[in-house]
Amino acid sequence: MDQQKPPLLLILLLLLSIKTFSATPPRGVPVVVSPTPAPVSSPTTKNASSSPPLPPSSTPSTPSSALDPKQLRALQSLNIPTSKDPCTHPTSLLQKNNITQCDSSKPFSHLISLRLLNCSDDVALSFTALKSLSTLQSLQFVNCPIAPISFPAELTESLRSFTCIRSLRRLTGVWLSRLQNLTDLTVSNTQVNASGPFVILGNMKKIKSVTVSNANLTGFFPRHMNPNLTHIDFSGNKLRGRIPSTISRLENLLILNLSSNTLTGEIPDTIGDLISLKNLSLASNSLSGAVPDSFSAIPSLVHIDLSSNQLNGTIPRYFTAMKTLKHLNLANNNFRGVMPFNASFISRLDVFKVGGNDNLCYNKSILSSKMKLGISPCDKHGFPLSPPPAKDSSEDDSSDYDDDSSSDDTTRKDHHRGPNKYVLGVAIGLSSIVFLIIFLVLISKCCR
């Protein structure tokens, strides 16, 4: 019996060493920790310390990754389906339609961004719940036609970005004006009851980007706006009056879209002071006068749309010197004279439109009629030729390339192809009278 003890002792030691080795993870392999890990012996802990560190979100006790319970209850009180932790699994919020973003506060994270998309009828805003969400810096409503309520002061101070697209019925300019710390405001396809953009933007000292489009907004374009603005979009509203000359103060402006309003008067010369401007759209208004020469001072214009106005005069030649220009739409105005562009300039543009200018024409010796510009070719005096008669599709198009002299020769031939109808009638009448006189003289001689 005594001789069997050493082998048994060796077997026991061997089993203990195997168990200890299996409990120690190999170097360089990440450790997956369960939410409630079992206690391990000190040798295992020592060996594991040499492995790569775990990310904070995978540690067993990570209250910093969990959303503040008050904010979680606030989301639930708004009838918004949430996961246990929207910060860890943001895409599970509201059936993957919403996006949440959290900060890294401890012991609990807080929401800093929330987007509500395609809201159900059960979603209802609550003042108390919104107060609990006062850490939000970005709040977006997309396709959420729910009734708005007054935001708590804590939330209005915290918000930096606010978006409302086809959402929040019955918005007013006063309601929006309370969001004084915004840098980015977007309201689109939502009715806004305000007497002008200044009611909304007058107290927003930090605003840099504003879009209030298709919102039935009335009033005038503001004379004074934040000079730090880089983006203005008031398209699809009912703004009236002139574009003020004080627009020149917006030196940082990159995008200006005032299309589809009822603006009148001339484009101010001071628009050339917008030296940072890249995208300009004044289409579908009632603007008149000539295109100001100051456009040539804007070095980086990429998009110009002046279509569907009452602009007149000749088209400036300086557009050809704008190396960055890719979109030029001058259609449906009252421009006249010879269009100053050649095929090389037109071909480098992505969009070029000049149709709908009845007194505008192109030089046929420079441009081909196959370019389908929507305007007539010029005669030798620089006036549009009358449109040619409709041809059968099988006819040769070579006649479209005749020069001006051949057109004039054809016109002269048409005029001299035969005698004038009036002259011909007089000649026939006189001949009849002479014939009658001769006939009567001959009869009188025969009767003698």
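First, a word on what this report is: a plain description of the structure on this page. (Residues numbered from 1 in each chain as written. Predicted model: local features only at pLDDT ≥ 70, side-chain atom pairs only at ≥ 80, totals over all residues. Heavy atoms only, no water.)

Along strand E2 (residues 111-117), five of the seven residues are buried, which leaves the element largely enclosed by surrounding structure. Bridging between E2 and strand E3 (residues 138-142) involves five bridges; their strand directions are parallel. Bridged to Leu114 within E3 is Leu139. As for the winding sense of the linkage, the β-α-β connection from E2 through helix H4 (residues 127-132) to E3 is right-handed. (Buried < 20%, exposed > 50% of the residue type's maximum accessible area, 1.4 Å probe, protein only. Helix = DSSP H or I, 4+ residues; strand = E, 2+ residues; numbered from the N terminus. Pairing = 2+ DSSP bridges. Right-handed = clockwise from strand over helix to strand, strands pointing away.)

This next bit is on the environment of Arg166. Residue placement: Arg166 occurs in the loop between strand E4 (161-165) and strand E5 (171-172). With 49 residues separating them in the primary sequence, Arg166 and Ala215 have C-alpha atoms 9.8 Å apart. Apart from the residues lying within four places of it in its own chain, the contact partners of Arg166 are Asn143, Cys144, Pro145, Ser188, Asn189 and Thr190. (Contact = heavy atoms within 4.5 Å.)

This part is about the sheet that holds strand E16 (residues 310-313). The seven strands are arranged E10-E12-E14-E16-E18-E20-E21 in an open sheet whose pairing can be described as parallel. Sheet topology places strand E10 (240-241) and strand E21 (376-377) at the edges, where each strand pairs with a single neighbour. One ladder, built from three bridges, connects strand E12 (residues 262-266) with strand E14 (residues 286-289); its direction is parallel. Paired with Gly265 across the two strands is Leu287, which belongs to E14.

Another aspect to go through is the nonpolar core. Counting residues in each nonpolar core, the largest one holds 92 residues, and the members touching the most others are Phe162, Leu185, Phe319 and Met339. The residue makeup of this core includes at least three contributed by each of domain 1 (65-145) and domain 2 (146-377). (Core = buried A, V, L, I, M, F, W, Y, C linked by side-chain atoms within 4.5 Å. Domains from an automatic or database assignment.)

Interpretation in functional terms is not warranted from these geometric data alone.
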